[in-house]
Amino acid sequence: MDDASFRRLVARYEHDSRDDPARFARVTAALAAFGYAAILLTLAGSAWGLAWGGKQLLHGRIAGWKLMLVLGCASLLFSLLRALWMRPEAPQGLPVTQKEAPRLFELIETLRRKTGAPRPDRVLIDGELNAAVWQQPRLGLLGWHRNHLVLGLPLMMGLSTRQLGAVIAHEFGHLRGAHGKLGQWIYRTRRSWYLLLVARERASLGGNVADIALAFFFRHFFPRFNARAFVLSRQQEYEADRAAHRIAGPQASGEGLQAIEVQSRYLQEEFWPALWRRAASTPTPAAEWPYRLLRDAMPASLSHAKANSWLADGLKRLSDVDDTHPSLRDRLSFAEVKPGLPRAAETSAAQALLGSALKDWIARLDARWREEVGRSWSERHRYANGQRHLIDELRNESATGPIDADDHLLWSRAARLLDGDAAGESVLRALVEQRPDSLAGRYELGMQLIDEAADARSEEGAELLRGVAEAGNHPWAFSAAARREAWLERRERFDELKKWRELLKTRDAEATAAMEALHDFERPQHFEPAQLSRRVLRSLQDLLRGERAAGRAFVVRKSDAAAPDWRFCLVIVERAKGIGQPDARSWWAELRERIELPCPFMVIDLAHPYWADKARAPLVQQMLAVNGAQVYAARR
């Protein structure tokens, strides 16, 4: 089922859920039971087929179809057992006892009694801006859950005690009565079917009768059950919110949600990037104490220059099928709370509930963080040294004349990594001044400036993005148009907005058509040299040297009439010989996350089943035959 069909199904089930929530939950539970019964019946059938076929072969009654039956049933049985056996995931965090934090446990017990939730078996504190209840079934499918309440120290530092109480009450709201049991039952069924789907897609032995029967379920039962489970999960989010409103009050709940929205953006865009930038100058994180800094930084984030902008962005997000949680605006509307940036608490929940022990918890989390990130920090430091050499090299070369636009983008990103936004901006301005036709340079500079608090700089960024969006059908046009639309909306410039949305619609259609064409390999193809600078290729080569699975690599440009002004590259990787190779179905995606190119691109792993198919051999040869395509070869 495609995404559009799934969205329509969710919308239909949401209507059914509003009409009769209790009946909707009963029907969904019945479908979950039916889904488990189907899996168990298939399990029994495959076990019987394996036993019968094995017995036939052992008695010498050998036939080709019996051998295929045994192999197919064994493969299916293995897939089913893996789908049913879900190893409980252990929650991360440091355990805290009642003796260590009596006021925290007093709050937890009060909220537990008021919600009617079971008492948590363990309370843990971790370093995330989040709170969660983890349920671990001691007996697998038979249940007997062990409940863990996980509280993030940054969350406790950023909220008042009452706001934190609303968050905990929401989590306990998921556990009370049959609500929690039904949610877990639905989750396990949904997860089992998903794992079975993945297992059968990867199975090298298939095509038996059971797989044909399961295909019916995958096409018709699972998408509908999945949509129902999604709607039920969202319904339960509202029910958990209702419990939080009843116990802590809707105002505290709404203020907490908005504070978390702002603080999340602050951590993602300001605090952690600034902290990791220091890896450029220090080889280890030994001198870093992030949670000590967060004690004051979390409350202060609510008065940050970008706080209102971050909250406005959060309020614009719509509920989507990517997340069972309703949107922030929908949750505030449900609480009947007017949106507005909350003030920082005079005394944070961490200070009030942990008291003098807070310093010890900060020290413990800081020590654990340094231990966990030590290797990544050192790798970032080595990478930064390489970027510093790159900057020196480009600075010296630029003194004798203009440098390649792609190299200029590399320079700006390196400067931003080492010295912050201002350094990257300076390099981008030089690029735009020297090459006004560089859409990539104008786009990156515009995206950096448009979020600035100063009106003049924000206006300059919006104007740069306007020019990029109006420049035609190219890789940055739609993104620039969408970002400027959000800016116009936030500034309430509605006269401009109406006209701008017409252009946005056009750029959206063009970008969709271009990407579909560039990712389509079933038609006649046209490939040509990528024409990337040697420094861009050097960055790719350095990355591939660290990948034992990479044998040879090629880079070509794919062109299509639907994307005339797009530079779209294909990075084609041929596997090295050797054991311990990464998964052929997912390695390309992991590799893509680590590659940086100045243009849109896709990674092709020639070991992937799609590309390893003999039917694709002529297409692969056509790509590899492009002049100058090979850019890397591992040492043998």
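Everything numeric here is computed off the predicted structure, so don't read it as measured data. (Residues numbered from 1 in each chain as written. Predicted model: local features only at pLDDT ≥ 70, side-chain atom pairs only at ≥ 80, totals over all residues. Heavy atoms only, no water.)

Chemist: I'm lost on the packing of aromatic side chains in this one. Help?
Modeler: Pairs of aromatic rings are described using the distance from one ring centre to the other and the angle between the two planes. Evaluated as defined, the whole model comprises 14 aromatic pairs. Centroid distance Phe 34 to Phe 221: 5.7 Å. Interplanar angle 70°. Geometry classified as edge-to-face. Residue Phe 34 is found in helix H2 (residues 21-58), and its partner Phe 221 is found in helix H8 (residues 209-248); the two are separated by 187 residues along the sequence. Where Trp 369 meets Trp 377, the ring centres are 6.1 Å apart and the plane angle is 80°; that geometry is what we call edge-to-face. An identical accessibility class is assigned to Trp 369 and Trp 377; each is buried. Three or more aromatic residues link up through ring pairs in this structure, and these residues are Tyr 266, Phe 271, Trp 272, Trp 276, Tyr 291, Trp 369 and Trp 377. A cation sits over an aromatic face here: Arg 292 above Trp 289, 4.1 Å from the ring centre. The ring centre of Trp 500 lies 4.5 Å from the NZ or CZ of Arg 484, which sits over that ring. (Phe/Tyr/Trp six-rings, centres within 6.5 Å; stacked < 30°, edge-to-face > 60°. Helix = DSSP H or I, 4+ residues; strand = E, 2+ residues; numbered from the N terminus. Buried < 20%, exposed > 50% of the residue type's maximum accessible area, 1.4 Å probe, protein only. Lys NZ or Arg CZ within 6 Å of the ring centre and 35° of its normal.)

Chemist: Explain the state of the cysteines here, please?
Modeler: Disulfides are covalent bonds that connect the sulfur atoms of two cysteines. Tallied over the full model, the rule gives 0 disulfides. Cysteine Cys 599 is unpaired, with the sulfur of Cys 569 as its nearest cysteine sulfur at 3.5 Å. (Disulfide = S-S within 2.5 Å.)

Chemist: Sorry, what's going on with the packing of helix H9 (residues 250-277) against helix H11 (residues 307-316) here?
Modeler: Two packed helices can be described by the angle between their axes and the distance between those axes. The interhelical angle for the contact between H9 and H11, taken along N-to-C directions, is 115°, at an axis separation of 9 Å. Classified by the angle between their axes, H9 and H11 sit roughly perpendicular to one another. Where H9 crosses over H11, the two elements pack in a sense that is right-handed. The residues of H11 that touch H9, namely those facing Gln 258, Glu 261, Val 262, Arg 265, Tyr 266, Glu 269 and Glu 270, are Ala 307, Trp 310, Leu 311, Asp 313 and Gly 314. Residues that form the contact of H9 with H11 fall into these classes: 5 nonpolar, 2 polar and 5 charged. (Axes fitted to C-alpha atoms, helices over the stretch in contact; angles between N-to-C directions. Parallel < 35°, antiparallel > 145°, perpendicular 65-115°, else oblique. Left-handed = near helix turned anticlockwise from the far one by under 90°. Contact = heavy atoms within 4.5 Å. Nonpolar A, V, L, I, M, F, W, Y, C, P; charged D, E, K, R; others polar.)

Chemist: How should I be thinking about the pairing of strand S8 (residues 601-605) in this particular structure?
Modeler: Both faces of the sheet carry side chains from a regular strand, because those side chains alternate between them. In terms of burial, S8 is a largely internal element, 5 of the 5 residues being buried. In S8, alternate side chains face the same way, and those of Phe 601, Val 603 and Asp 605 on one face and Met 602 and Ile 604 on the other are all buried. Bridge count between strand S7 (residues 568-575) and S8: 5 bridges; the pairing is parallel. Across the sheet, the residue bridging to Ile 572 is Ile 604, located in S8. You can see the chain leave S7, run along helix H22 (residues 587-594) and come back into S8, and the turn it takes is right-handed. (Pairing = 2+ DSSP bridges. Right-handed = clockwise from strand over helix to strand, strands pointing away.)

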